[in-house]
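Survey of secondary and tertiary structure
Residues per chain, in single letters:
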Amino acid sequence: MLFVCHSVTGLWIKALTMADSNEMTINLVVLGRPQTGKSAAGNSLLGSSDFESRCSPSSVTTCCSLGCSCHISGIIRRNGCEIALRVRVLDTPSYPHSGLSKEQLRDTVSSALAHHFGEEGLHLALLVLRADLPLCPDESDHAIQFIQELLGPTWKDFTAVLLTHADKAEEAGFSEEAYLRSASSTLLSLLSSVQHKYIFLDNQKSIIKEERAIVLRKLLNFIRQNNYQALLLKQTKE
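Residues numbered from 1 in each chain as written. Predicted model: local features only at pLDDT ≥ 70, side-chain atom pairs only at ≥ 80, totals over all residues. Heavy atoms only, no water.

**Looking at the packing of helix α1 (residues 38-46) against helix α7 (residues 209-225)**
Rule in force here: Lines are fitted to the C-alpha atoms to define the axes, a helix being fitted only along its stretch in contact, and any angle between axes, read from their N-to-C directions, falls within 0 to 180 degrees. Strands here mean DSSP runs of E at least two residues long; helices mean DSSP runs of H or I at least four residues long; both are numbered from the N terminus. Relative orientations are named as follows: roughly parallel for angles under 35 degrees, roughly antiparallel for angles over 145 degrees, roughly perpendicular for angles from 65 to 115 degrees, and oblique for any other angle. Every residue pair with non-hydrogen atoms within 4.5 Å of one another is taken to be in contact. The residue classification treats Ala, Val, Leu, Ile, Met, Phe, Trp, Tyr, Cys and Pro as nonpolar and Asp, Glu, Lys and Arg as charged. All others, Gly included, are polar.
Packing of α1 against α7 brings their axes to within 9 Å, and their N-to-C directions diverge by 95°. Considering their axes alone, α1 and α7 lie roughly perpendicular with respect to each other. Across the interface between the two elements, Ser44, Leu45 and Leu46 of α1 pack against Arg212, Val215, Leu216 and Leu219 of α7. Taken together, the residues that form the contact of α1 with α7 break down as five nonpolar, one polar and one charged.

**Details of the packing of aromatic side chains**
Counted only if it meets this: Two aromatic rings from Phe, Tyr or Trp, using only the six-membered ring of Trp, form a pair when their centres are within 6.5 Å; if the ring planes differ by under 30 degrees the pair is stacked, by over 60 it is edge-to-face, and anything between is tilted. Throughout, exposure labels follow a simple rule: accessible area from a 1.4 Å probe, protein chains only, divided by the maximum for the residue type, with under 20% read as buried, over 50% as exposed, and the rest as partly exposed.
The full count for this structure, using the stated rule, is four aromatic pairs. On the numbers, 6.3 Å between centres and 90° between planes, the contact of phenylalanine 174 with tyrosine 179 is edge-to-face. In this structure phenylalanine 174 comes out as partly exposed when scored by relative accessible area, which is 34%. Aromatic pair tyrosine 179 and phenylalanine 200: ring centres 5.4 Å apart, planes at 90°, arrangement edge-to-face. Here tyrosine 179 is found in helix α5 (residues 176-182), whereas its partner phenylalanine 200 is found in strand β9 (residues 198-200), with 21 residues between them in sequence. Judged on exposure class, the residue tyrosine 179 and its partner phenylalanine 200 are both buried. Aromatic ring contacts, followed pair by pair, group Phe174, Tyr179, Tyr198 and Phe200 into a single cluster.

**Regarding the nonpolar core**
Definition in use: Here the nonpolar core consists of buried residues drawn from Ala, Val, Leu, Ile, Met, Phe, Trp, Tyr and Cys, with membership extended through side-chain atoms lying within 4.5 Å.
If you look at the biggest cluster of nonpolar residues, it comprises 39 residues, and the most contacted ones within it are Leu31, Val109, Leu113, Leu122, Leu129, Leu151 and Tyr179. Residue contributions to this core peak at six residues, all from helix α3 (residues 137-151). Grouped together as the second largest cluster of nonpolar side chains are 30 residues, Val128, Ile199, Leu219 and Tyr228 included.

**Looking at the side chain of arginine 88**
With respect to the helices, strands and loops of the structure, arginine 88 is situated in strand β6 (residues 81-91). Those residues in contact with arginine 88, other than ones at most four positions away along the chain, are Thr25, Ile26, Asn27, Leu28, Leu66, Gly67, Cys68, His116, Phe117 and Glu120.

**Here we look at α3**
Under the convention used in this document: Here a helix's expected span is defined as the number of its residues, less one, multiplied by 1.5 Å. In this description, the arc belongs to the directions extending from the helix axis to the C-beta atoms.
For α3, spanning 15 residues, the distance from its first C-alpha to its last is 21 Å, which sits close to the expected 21 Å at 1.5 Å a residue. Of all the positions in α3, only Glu139, Ser140, Ala143, Ile144, Phe146, Ile147, Leu150 and Leu151 are classed as buried. Viewed along the axis of α3, the buried residues span an arc of 165°, placing them on a single side of the element. Residue glycine 152 follows α3 closely and has a positive phi angle near 85°.

**Examining the environment of serine 39**
We apply this condition: Polar contacts here mean pairs of N or O atoms no more than 3.5 Å apart (in protein, one a potential hydrogen donor and the other a potential acceptor; neighbouring residues in sequence count only if both atoms are side-chain atoms).
With respect to the helices, strands and loops of the structure, serine 39 is situated in helix α1. Non-local contacts of serine 39, meaning those with residues more than four positions away in its chain, are made with Phe51, Glu52, Ser53, Thr61 and Asp91. A polar atom in the side chain of serine 39 sits 2.7 Å from the side chain of aspartate 91.

**Thoughts on the pattern of salt bridges**
This is how it is decided: A side-chain nitrogen of Lys or Arg and a carboxyl oxygen of Asp or Glu constitute a salt bridge if their distance falls within 4 Å.
With the rule as written, the count across this model stands at seven salt bridges. In this structure, arginine 33 engages glutamate 139 in a salt bridge whose closest nitrogen and oxygen atoms are separated by 3.7 Å. With arginine 33 in the loop between β3 (23-32) and α1 and glutamate 139 in helix α3, the pair connects residues that are 106 residues apart, well separated along the chain. In this structure arginine 33 comes out as partly exposed when scored by relative accessible area, which is 33%. A salt bridge links glutamate 149 to arginine 106; the nearest nitrogen and oxygen atoms lie 3.9 Å apart. With glutamate 149 in helix α3 and arginine 106 in helix α2 (residues 102-117), this pair connects stretches of sequence that are 43 residues apart. Salt bridges sharing partners connect three or more residues here, namely Lys102, Arg106, Asp107 and Glu149.

Fair warning: the whole summary comes from geometry, so function is off the table for now.
Put into C-alpha cells, the structure is as follows:
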C-alpha cells in the first residue's frame, strides 16, 4: 500500500493507494458520553474484551487505550482476492467526564491520537450515541465542538455516528427507517453534517461474527467514500 500526503489548513491528510498487498489496517477512535456503550462498541469492533465496560454511577474509562484485532478474513476483496483486515480501536474517556476537566480530557485524547495514529493516520472517529435516548441540542453542540477541537476543520469527513442499543429501539417497534422518521431535528442535523455516515448497533447481536462483519463492511464503505484518506494528528505544544 502506498501513501500520498497533503496538507489541509495545517492538518495533514494521507491518501491510501491500494497497491499490491494482502492486508489492510483501519484506525478508529470511539468518542461519546458516559454509559453510551462506547467501550462495549469498541470491543464489538475488535471481537474481543480489551476495554472495560460496565454499568457505573461514574465514568468507567479514565484513560485512552488502544486495542488491536487479529487479522479478519471474509470482509474485503480486491481484484478477486481476499484481503486480511486488521482493526485498531482507540478507546477514550467519556465526554463530559466525572473526574476530568474538558481541558484535561481534550489534551489526553489529542496526545493519544498523535501517539497511536501519528504515522498511519486516523480513518474514522466514531461518535457513539444511544438510539434509545433522545439527543438534546446542548449535547449535540458539545459533542461537535469536542470533535472539532480534536480533528480540526475536516472533522465531518472523518466522523461517523454509531447508534448503540438499537435492539431497544427495535423492541419499542422502530425499524431503522421508522426511527429516523421520528428522530429529533437535532439528530437529523448531526447525521446530515457527517454526510449520513451512521450505523445502528444491536447490543445483543454485536458479538455475533456475522453482525460484526456487517458493521465492519459499512465502516469500510465510509472510508472508501472518503477515498481511503487518513487524518494525521500531531501533538501541538503550546
